[in-house]
Amino acid sequence: MALGDAVLGPNQYGKAECRLVRVDRDTPVHEVTDLNVTTQLRGDFAACHTEGDNSHVLATDSQKNTVYGFAREHGIAAPETFLATLARHFVGGSAWVESALLSAEQYAWERIAVDGAGHDHAFRRTGRATRTAVVQADGDELFVLAGLTDCTVAKTTGSEFSGFPRDRFTTLPETSDRILATSVTARWRYRTEASAAMGAEEFNATFAAIETILLETFASVHSLALQQTIFEMGKAVLGACDAVAEIKLSCPNKHHFLVDLEPFGLDNPGEVFFAADRPYGLIQATVQREGEPDEPRAWAGVPGFC
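Here the residue numbering is sequential within each chain, running from 1 through the sequence in written order. With the structure being a predicted model, the display of local features is reserved for residues of pLDDT at least 70 and the display and counting of side-chain atom pairs for 80 or more, all residues being used for whole-chain, interface and lining totals. Heavy atoms throughout the structure, all of them, feed into the side-chain values; hydrogens and water do not.

## Structural notes on the pattern of salt bridges
The condition is simple: For salt bridges, the criterion is a side-chain nitrogen of Lys or Arg within 4 Å of an Asp or Glu carboxyl oxygen. By definition, any uninterrupted DSSP run of H or I lasting at least four residues is a helix, any uninterrupted run of E lasting at least two residues is a strand, and each is numbered from the N terminus. Classification of residues uses two cut-offs on accessible area relative to the type maximum, computed with a 1.4 Å probe and protein chains only: under 20% is buried, over 50% is exposed, and between them is partly exposed.
Under the counting rule described, the total for this entry stands at 14 salt bridges. Glu 246 is the partner of Arg 189 in a salt bridge, and the nearest nitrogen-oxygen pair spans 2.8 Å. Here Arg 189, found in strand β8 (residues 180-190), pairs with Glu 246, found in strand β9 (residues 244-253); they are 57 residues apart in sequence, far enough to count as distant. The same class applies to Arg 189 and to Glu 246, which are both buried. Residue Arg 278 pairs with Asp 277 through a salt bridge whose shortest N-O separation is 3.7 Å. Here the residues in one salt-bridge network are Asp 138, Glu 141, Glu 295 and Arg 297, joined through shared partners.

## Describing the packing of helix α5 (residues 200-220) against helix α6 (residues 226-240)
Let me state the cut-off plainly: In this analysis, axes come from line fits to C-alpha atoms, helices being fitted only over the stretch in contact, and the angle between any two N-to-C directions falls in the range 0 to 180 degrees. By the definition adopted for this analysis, an angle is roughly parallel if under 35 degrees, roughly antiparallel if over 145, roughly perpendicular if from 65 to 115, and oblique otherwise. It is the rotation of the near helix from the far one that decides the hand of a crossing: anticlockwise by less than a right angle makes it left-handed, clockwise makes it right-handed. We call two residues in contact whenever any of their non-hydrogen atoms come within 4.5 Å of each other. Following the grouping adopted for this structure description, the nonpolar residues are Ala, Val, Leu, Ile, Met, Phe, Trp, Tyr, Cys and Pro, the charged ones are Asp, Glu, Lys and Arg, and the polar ones are all others, Gly among them.
One can describe the packing of α5 onto α6 by two numbers: an axis separation of 9 Å at closest approach and a directional angle of 140°. Classified by the angle between their axes, α5 and α6 sit oblique to one another. The interaxial crossing formed by α5 with α6 has right-handed handedness. Note on element contacts: α6 touches α5 through Thr 229, Glu 232, Met 233, Ala 236, Val 237 and Ala 240, opposite Ile 210, Ile 213, Leu 214, Thr 217 and Phe 218. For the contact of α5 with α6, a count of residues per class yields eight nonpolar, two polar and one charged.

## So, empty space enclosed by the protein
To keep it simple, the criterion reads: Detection works on a 1 Å grid of protein atoms alone, calling trapped sets that fit a 1.4 Å probe cavities and calling open sets with protein on both sides within 12 Å along at least five of seven lines pockets, with lining residues defined by an atom within 4 Å of a point. Grid points are joined across faces, edges and corners, and a volume is the space filled by probe spheres set on the points.
This structure, assessed with the given rule, holds one cavity of 30 Å³ or more. There is about 30 Å³ of room inside the largest cavity. In this structure, the largest cavity is lined by Arg 189, Ala 245, Glu 246, Gln 288, Glu 292, Pro 293 and Asp 294. Taken together, the residues of the lining of the largest cavity sort by class into two nonpolar, one polar and four charged.

## Notes on the sheet that holds strand β6 (residues 130-138)
For sheets, the rule is that strands pair by backbone hydrogen bonds, running either parallel or antiparallel. Spelled out, the test is: When DSSP finds two or more bridges between a pair of strands, those strands are recorded as paired.
Reading across from one edge, β1-β2-β3-β6-β7-β8-β9-β12 is the order of the eight strands in this open sheet, with antiparallel pairing throughout. Each end of this open sheet is capped by a strand with a single partner; those strands are β1 (18-24) and β12 (281-288). Looking at each pair of strands side by side, their axes are set apart by 20° on average, direction ignored. Here strand β7 (residues 141-155) runs beside β8; their pairing, made up of nine bridges, is antiparallel. The partner of Cys 151 across the bridge, within β8, is Val 184. Packing of α6 onto the sheet brings it into contact with β8, β9 and β12, and relative to β9 it is tilted by some 155°.

## Comments concerning the pairing of β9
The buried count for β9 comes to ten of ten residues, which makes it a mostly enclosed element. The pairing of β8 with β9 spans seven bridges and is classified as antiparallel. Within β9, the residue paired with Ala 186 across the bridge is Leu 249. Inspection of the sheet shows β9 paired to β12 by eight bridges, in the antiparallel sense. Each bridged residue has a counterpart across the sheet, and for Glu 246 the counterpart in β12 is Gln 288.

## Describing a nonpolar patch on the surface
Formally: Patch definition: residues above 30% relative accessible area lacking any salt bridge, with like charges linked at up to 9 Å and the nonpolar side chains Val, Leu, Ile, Met, Phe, Trp and Tyr linked at up to 5 Å. Exposure was quantified through the Shrake-Rupley algorithm and a 1.4 Å probe, taking into account, for residues, occlusion by the shown protein chains and nothing else.
On the surface, a nonpolar cluster with roughly 290 Å² of combined accessible area is contributed by Leu 172, Phe 257 and Phe 274. For Leu 172, the location among the structural elements is in the loop between β7 and β8.

## Observations regarding the side chain of Thr 229
Assignment of secondary structure puts Thr 229 in helix α6. Contact partners of Thr 229, with chain neighbours within four places excluded, come to Leu 180, Phe 218 and Ser 223.

## Concerning the environment of Lys 248
Defined as follows: Polar contacts, as counted here, are pairs of nitrogen or oxygen atoms within 3.5 Å of one another; within protein the pair requires one atom able to donate a hydrogen and one able to accept it, and residues that are adjacent in sequence qualify only if both atoms are side-chain atoms.
For Lys 248, the location among the structural elements is in strand β9. For the pair formed by Lys 248 and Met 198, sequence separation is 50 residues and the distance between their alpha carbons is 21 Å. Discounting residues that sit within four places of it in the chain, Lys 248 has contacts with Thr 185, Ala 186, Arg 187, Ala 285, Thr 286, Trp 299, Phe 305 and Cys 306. Within polar-contact distance, the side chain of Lys 248 engages the side chain of Thr 286 at 3.0 Å.

## Focus: the environment of Val 272
With respect to the helices, strands and loops of the structure, Val 272 is situated in the loop between β10 (256-258) and β11 (273-275). Each C-alpha atom of the pair Val 272 and Thr 157 lies 14 Å from the other, and the pair is 115 residues apart in sequence. Not counting residues within four places of it along the chain, the set of residues in contact with Val 272 comprises Phe 257, Leu 258, Val 259 and Leu 261.

From the geometry alone we can't say anything about function, so treat these as descriptive.
Given below as structure tokens:
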């Protein structure tokens, strides 16, 4: 069978990782918003690839400048609303741009305490999770994903793992008490009608509530497996937040192995561990509402989940 000619398949382009810091100076107590924004446009760009015709190509440098210009003109009350404003601009501004993927990471800063009170204009980066947001624009439709990443958590008891099948390659012992540690990456999809009615205040409040729910559930559930824990975390989010249609979680199992101290004449009653960084179990799950329709357009091009 003869092979066919090469043809252009799916493609997108944009400006990756535009580092953006916005300082709000409306009052003497300043506010800092720190984002890492990526733009990706999809549409009628075939001629650029096949003929070198750039007449439909909005330069990635122009996309970067739009990010900074919109930060000045519109402010950044919440990453979701900022990305939605950008998405509507890019898709609505050119006939050949059919859809867009806008994503952002938001890095947390907190005020430095001076004499017991937060300073007006001095901050430090926190070790908290990084907030994430994604907006997909497909014509006039917008799909909003929110989430967090690099949320490293651990519990020193209240976790076990047993009852798994064994074969000739199985060396892992069963345990009724272990350290459970992971780095949570979560993204949740808002119902389209719900996100359309939400403003920056609602997005910010919902993010804070879901972050708390994820952490409290991780801490309180007696874990029989990391799979069980992340399902309970997702179920708790759906139970508390009607605006959320589904949530995806990706959690590497950060293994802690008990060190054998017998060669040194010492016991080790669950106190000294070796923290292994690789290889690691990678546990992923999507928790959905029964009967909720799938929306693959919301997740197109979003990596890292099943």
